[in-house]
Amino acid sequence: MKIAVYPGSFDPVTLGHMDIIRRASGMFDRLIVAVVANKNKKVTFSLEERAEFLRRAVEAEGLTNVTVDFYDGLVANYLRTVGATTLVRGLRAMSDFENEFQMALANRQINADADTAFLVTSVEYMYLSSSLVREIGSYGGNIRDFVPECVAADIAAKLKP
Ligand code: COA
């Protein structure tokens, strides 16, 4: 069974993330979306909240081979604990590439079995990021075009001024 892990901060999940999840779910037997603690980032939503939004969005899409988990530690080690050998990451622009390239090499150095598969974003989501959603929501703006419909109200409620 080919298991892949899609790690990220998901603070919060956006339609861009869902695009990657949907497409990756068709490429692997099982996809685990892992909400990972990132010590270098100040986050708005707790790990549990972020995972819960993702769970609801995945269920709404009917993606039966996708599960959601959260983890505080090295992603390369998490792969071992779930028996996965592939990391999935999305690329939105060339500017994403340098950091992703470095992470992919570091992850393989830590775990020789960890290969990274990059999916290029669908063009309509190239500009999208979680911080954009957080900023618009923090001014009371409408975030419904950017996040899954089933979690939009809860995300907006937490972000609103
Ligand atoms: N659509 C929309 N937005 C996307 C996107 C897509 N397809 N892909 C990425 N993004 C956005 C995210 O929303 C996020 O936006 P923000 O910075 O405005 O919040 C940004 O791109 C970064 O994405 P993310 O996937 O969350 O990466 P990250 O850099 O925050 O975290 C981890 C990357 C969590 C995978 C990495 O830090 C990690 O592995 N941490 C665990 C510790 C570890 O193993 N460290 C060693 C790594 S070598």
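Our subject is the structure that appears above.
In this text, all values refer to a predicted model and were calculated from it rather than measured experimentally.

Engineer: An account of the site of the ligand is requested, with residue identities and associated values reported.
Structural biologist: If you check the shell around the ligand, you find 24 residues, and the closest are Ser9, Lys41, Arg89, Ser130 and Ser131. In this structure, asparagine 38 approaches the ligand through a side-chain N or O atom, which is 3.4 Å from an oxygen atom. Contact between the ligand and valine 75: an oxygen atom at 2.9 Å from a main-chain N or O atom of the residue. Burial of the ligand by the protein chains amounts to 84% of its free accessible area of 940 Å². Mapped by element, the contributors of at least two residues to the shell around the ligand are strand 1 (3-8), helix 1 (15-25), helix 4 (94-110) and helix 5 (130-138). For the shell around the ligand, a count of residues per class yields nine nonpolar, eleven polar and four charged.

Engineer: I'd like a description of unusual backbone geometry, backed by residues and values.
Structural biologist: Most peptide bonds are trans, and most residues other than glycine sit at a negative phi. Backbone torsion omega between aspartate 11 and proline 12 reads 5°, so that peptide bond is classified as cis. Following the sequence through the fold, proline 12 ends up in the loop between strand 1 and helix 1. Although it is not a glycine, phenylalanine 10 adopts a positive phi angle of roughly 50°. In this fold, phenylalanine 10 is placed in the loop between strand 1 and helix 1. By relative accessible area, which is 2% here, phenylalanine 10 ends up buried.

Engineer: Outline the environment of arginine 30, listing residues and values.
Structural biologist: Considering the arrangement of structural elements, one finds arginine 30 in strand 2 (residues 30-36). Considering only alpha carbons, one finds arginine 30 and threonine 64, 34 residues apart in sequence, at a separation of 8.8 Å. Setting aside chain neighbours within four positions, we find arginine 30 in contact with Met1, Lys2, Ile3, Ala4, Asn65 and Thr67.

Engineer: Which residues make up the nonpolar core, and what are the values?
Structural biologist: One finds Tyr6, Ile21, Leu31, Val33, Leu54, Val88 and Ile155 to be the most contacted residues of the largest nonpolar core, which totals 34 residues. Elements with a contribution of two residues or more to this core: strand 1, helix 1, strand 2, helix 2 (47-61), strand 3 (66-71) and helix 6 (149-159). Here this core takes six residues from helix 2, the largest share from any one element. Excluding residues that lie within four positions of it along the chain, leucine 54 makes contacts with Phe10, Val13, Ile21, Val33, Val35 and Val68. Counting residues in each nonpolar core, the second largest holds eleven residues, with Val36, Val75, Ala84 and Leu87 among its members.

Engineer: Let's hear about helix 3 (residues 75-82): which residues, and what values?
Structural biologist: Residues of helix 3 that are buried: Val75, Ala76, Tyr78 and Leu79. Axial view of helix 3: buried residues confined to an arc of 155°, hence all on one face.

Engineer: Describe helix 5, with residues and values.
Structural biologist: Among the residues of helix 5, Ser130, Val133 and Gly137 are the ones counted as buried. Burial along helix 5 is one-sided: seen end-on, the buried residues are contained in an arc of 60°. Just downstream of helix 5, glycine 140 is the residue with a positive phi angle, here 80°.

Engineer: I'd love a proper account of the pairing of strand 3, names of residues and values included.
Structural biologist: Both strand 2 and strand 3 contribute to a ladder of six bridges, which runs parallel. Note that in strand 3 the partner of alanine 34 across the bridge is aspartate 69.

Conventions used here
- Residues numbered from 1 in each chain as written.
- Predicted model: local features only at pLDDT ≥ 70, side-chain atom pairs only at ≥ 80, totals over all residues.
- Heavy atoms only, no water.
- Near = heavy atom within 4 Å.
- Polar contact = N/O pair within 3.5 Å; in protein donor to acceptor, adjacent residues only side chain to side chain.
- Areas by Shrake-Rupley, 256 points an atom, 1.4 Å probe, with all protein chains shown as cover.
- Helix = DSSP H or I, 4+ residues; strand = E, 2+ residues; numbered from the N terminus.
- Nonpolar A, V, L, I, M, F, W, Y, C, P; charged D, E, K, R; others polar.
- Buried < 20%, exposed > 50% of the residue type's maximum accessible area, 1.4 Å probe, protein only.
- Contact = heavy atoms within 4.5 Å.
- Core = buried A, V, L, I, M, F, W, Y, C linked by side-chain atoms within 4.5 Å.
- Arc of directions from axis to C-beta.
- Pairing = 2+ DSSP bridges.

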